[in-house]
Amino acid sequence: MSKQHRIVVAGCGGMSNVWIKELLKRDDALVVGLVDVQIGQAEKIRDAYGLACGVYSGLIEAIADTGADLVIDVTIPDSHFEISTTAMKQGCHVFGEKPMAATMEQARKIIEIADATGRSLSVMQNRRYDANIRALRELISSGAIGRSGMINADFFLGPHFGGFRDVMESPLILDMAIHTFDQARFIIGADPVSVYCHEFNPPGSWYTGNASAVCIYEMSDGSVFSYRGSWCAEGAPTSWEADWRIIGEKGTAIWDGVQAPYAEVVSAGEHAEKKFMRDTVRVEAPLRWNGKPGHEGCLDEMFLALEEGRPAETDCRDNIHSMAMVLGAIESAKSGRKVMLG
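As named in an unreviewed UniProt entry, the protein chain is Gfo/Idh/MocA family oxidoreductase, taken from Paenibacillus woosongensis.

Take a look at the structure:
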């Protein structure tokens with residue numbers, strides 16, 4: 001068995017349940033402490049899972065008392081910088097919820113501290129861990145549709161969460177769109193260069209802030225990524241994985257976020273180039289990935305990276321590009337101008 005990590009979970013709200021349930025399945029994970037500013041909430045989680053661990057209101061005390069080497073950060077976004085940097089300075093690696101920080105300045109500082117301490121922050125981007133998105137990525141990288149020129153993602157859902165999301169200034173972009181933005185980077189293997197965003201709050205929205213947005217990104221491979229999304233769209237929902245259309249020089253790849261992706265590419269038949277509308281043939285995406293899906297798959301990668309002494313796929317040095325897409329979009333929406341993301 002690989003090393004058993006001694007883990008402190010910081011933040012004992014609803015999402016802590018998702019993490020703890022997965023951690024309890026693992027032989028390489030032992031929860032030794034729970035931290036929450038409301039100590040009663042930590043006690044509630046401890047009792048719910050029958051954990052034999054301490055509960056604390058402060059992270060430094062929890063790490064020192066338990067000898068932890070890994071911190072799970074499930075606090076609110078505004079607390080991520082303090083939790084991750086404190087943990088790394090105390091000798092712990094960090095697995096955390098997105099976004100990795102509240103500002104780009106904080107994100108850059110996190111990377112500086114990770115470099116200085118030799119510790120790491122890996123971000124939960126669970127939507128990379130799916131056989132279909134892995135197949136779509138392979139389909140694109142194989143050259144089946146040629147060079148990608150335009151990537152389109154539609155995300156339309158109407159979840160009634162209640163709580164902090166309902167009063168956020170930019171609930172869609174700040175809390176959810178980072179998943180779709182990260183998916184786009186993963187699928188095409190490129191990073192953002194610039195963004196123009198218009199966000200708004202349409203009629204019927206139950207959110208205080210802007211729950212809808214249209215974003216246009218220029219990517220480092222020369223392609224353009226177009227995002228249309230709403231978190232108050234009642235009826236005819238897309239999947240949580242979004243609905244994708246990727247247009248290349250030789251054809252188009254399609255993925256609805258649920259079924260297996262496929263492409264339609266120009267047929268090489270005789271006189272094909274002379275036709276007004278050229279014939280196409282369907283190309284199925286190769287379903288080769290056999291990892292675990294979602295949260296569990298991302299955790300597998302995070303733990304494996306620690307065991308192998310390498311950055312995880314969603315290490316902070318990579319994830320900062322997805323975060324730049326989020327914060328750049330918000331800046332563009334506020335200024336009404338295109339924002340460079342270098």
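Here the focus is the nonpolar core. Membership of the largest hydrophobic core comes to 77 residues, with the highest contact counts inside it found for Val-71, Met-100, Phe-181, Cys-215, Tyr-217, Phe-225 and Trp-244. Both domains that meet at this core, namely domain 1 (5-124) and domain 2 (128-290 + 323-340), each give it at least three residues. Setting aside residues up to four positions removed in sequence, Trp-244 forms contacts with Ile-151, Asn-152, Ala-153, Thr-180, Gln-183, Ala-184, Ile-187, Phe-225, Ala-253, Ile-254 and Trp-255.

All right, on to the UniProt feature "domain: Gfo/Idh/MocA-like oxidoreductase N-terminal" (unreviewed entry) in the protein chain then. Per the UniProt record, "domain: Gfo/Idh/MocA-like oxidoreductase N-terminal" (unreviewed entry) is annotated on residues 6-123. Here residues 6-123 is 45% helix and 22% strand, with 19 Å between the C-alpha atoms at its ends.

Time to look at the sheet that holds strand β3 (residues 54-56). On the basis of which strands lie adjacent, the open sheet formed by six strands has the order β3-β2-β1-β4-β5-β6 and parallel pairing. Across the chains shown, the open sheet's two edge strands, defined by having one partner strand only, are β3 and β6 (121-123). For this sheet the average axis-to-axis angle between neighbouring strands, irrespective of direction, equals 25°. Of the pairings in the sheet, the one linking strand β2 (residues 29-35) to β3 comprises three bridges and is parallel in character. Bridge pairing links Leu-34 to Val-55 in β3.

A few words now on the packing of helix α4 (residues 80-89) against helix α5 (residues 104-117). Here α4 crosses α5 at 10°, and the two axes come no closer than 9 Å. Accordingly, the angle class assigned to the pair α4 and α5 is roughly parallel. Across the interface between the two elements, Phe-81, Ser-84, Thr-85, Met-88 and Lys-89 from α4 touch Gln-106, Lys-109, Ile-110, Ile-113, Ala-114 and Thr-117 from α5. Grouping the constituent residues of the contact of α4 with α5 by class yields five nonpolar, four polar and two charged.

Time to look at the domain arrangement of the protein chain. Assigned domains of the protein chain: these are domain 1 (5-124) and domain 2 (128-290 + 323-340). Taken over C-alpha atoms, the centre of domain 1 sits 31 Å from the centre of domain 2. Across the contact, nine residues belong to domain 1 and seven residues belong to domain 2. Here domain 1 packs against domain 2, burying approximately 690 Å² in sum over the two surfaces, 77% of which is carbon and sulfur.

What you see with strand β4 (residues 70-73) is no split at all: Leu-70 and Ile-72 on one side and Val-71 and Asp-73 on the other are buried throughout. Two elements, β4 and strand β5 (residues 93-96), share four bridges in a ladder whose sense is parallel. Paired with Leu-70 across the bridge in β5 is His-93.

For the bond from Lys-98 to Pro-99, the omega torsion is -10°, close enough to zero to count as cis. Phi is positive for Ala-236, which is not a glycine, with a value near 50°. Position of Ala-236 among the secondary structure elements: in the loop between β10 (224-230) and β11 (243-248).

All right, on to the packing of aromatic side chains then. Going through the model one piece at a time under the given rule, you end up with 11 aromatic pairs. With 6.4 Å between their ring centres and 50° between their planes, Tyr-129 and Trp-289 make a pair best called tilted. On the criterion of sequence distance, the pair formed by Tyr-129 in the loop between β6 and α6 (131-141) and Trp-289 in the loop between β14 (280-284) and α8 (294-308) is long-range, its members being 160 residues apart. Judged by relative accessible area, Trp-289 falls into the partly exposed class, the value being 25%. Between Phe-181 and Tyr-217, the ring centres sit 5.2 Å apart and the planes meet at 65°, which makes this aromatic pair edge-to-face. Separated by 36 residues along the polypeptide, Phe-181 in helix α7 (residues 171-188) and Tyr-217 in strand β9 (residues 212-219) bring together distant segments of the chain. Through a chain of ring-to-ring contacts, the aromatic side chains of Phe-181, Tyr-217, Phe-225, Tyr-227 and Trp-244 assemble into a single cluster. Of note, Arg-165 hangs over the ring of Phe-161, and the distance from its end group to the ring centre comes to 4.3 Å. Between Arg-282 and the ring centre of Tyr-262, over which it is positioned, the NZ or CZ distance is 3.8 Å.

The rules behind each value
- Residues numbered from 1 in each chain as written.
- Predicted model: local features only at pLDDT ≥ 70, side-chain atom pairs only at ≥ 80, totals over all residues.
- Heavy atoms only, no water.
- Core = buried A, V, L, I, M, F, W, Y, C linked by side-chain atoms within 4.5 Å.
- Buried < 20%, exposed > 50% of the residue type's maximum accessible area, 1.4 Å probe, protein only.
- Domains from an automatic or database assignment.
- Contact = heavy atoms within 4.5 Å.
- UniProt positions renumbered as here; feature names shortened; annotations may be inferred.
- Helix = DSSP H or I, 4+ residues; strand = E, 2+ residues; numbered from the N terminus.
- Pairing = 2+ DSSP bridges.
- Axes fitted to C-alpha atoms, helices over the stretch in contact; angles between N-to-C directions.
- Parallel < 35°, antiparallel > 145°, perpendicular 65-115°, else oblique.
- Nonpolar A, V, L, I, M, F, W, Y, C, P; charged D, E, K, R; others polar.
- Buried area = accessible area lost by both parts, 1.4 Å probe.
- Phe/Tyr/Trp six-rings, centres within 6.5 Å; stacked < 30°, edge-to-face > 60°.
- Lys NZ or Arg CZ within 6 Å of the ring centre and 35° of its normal.

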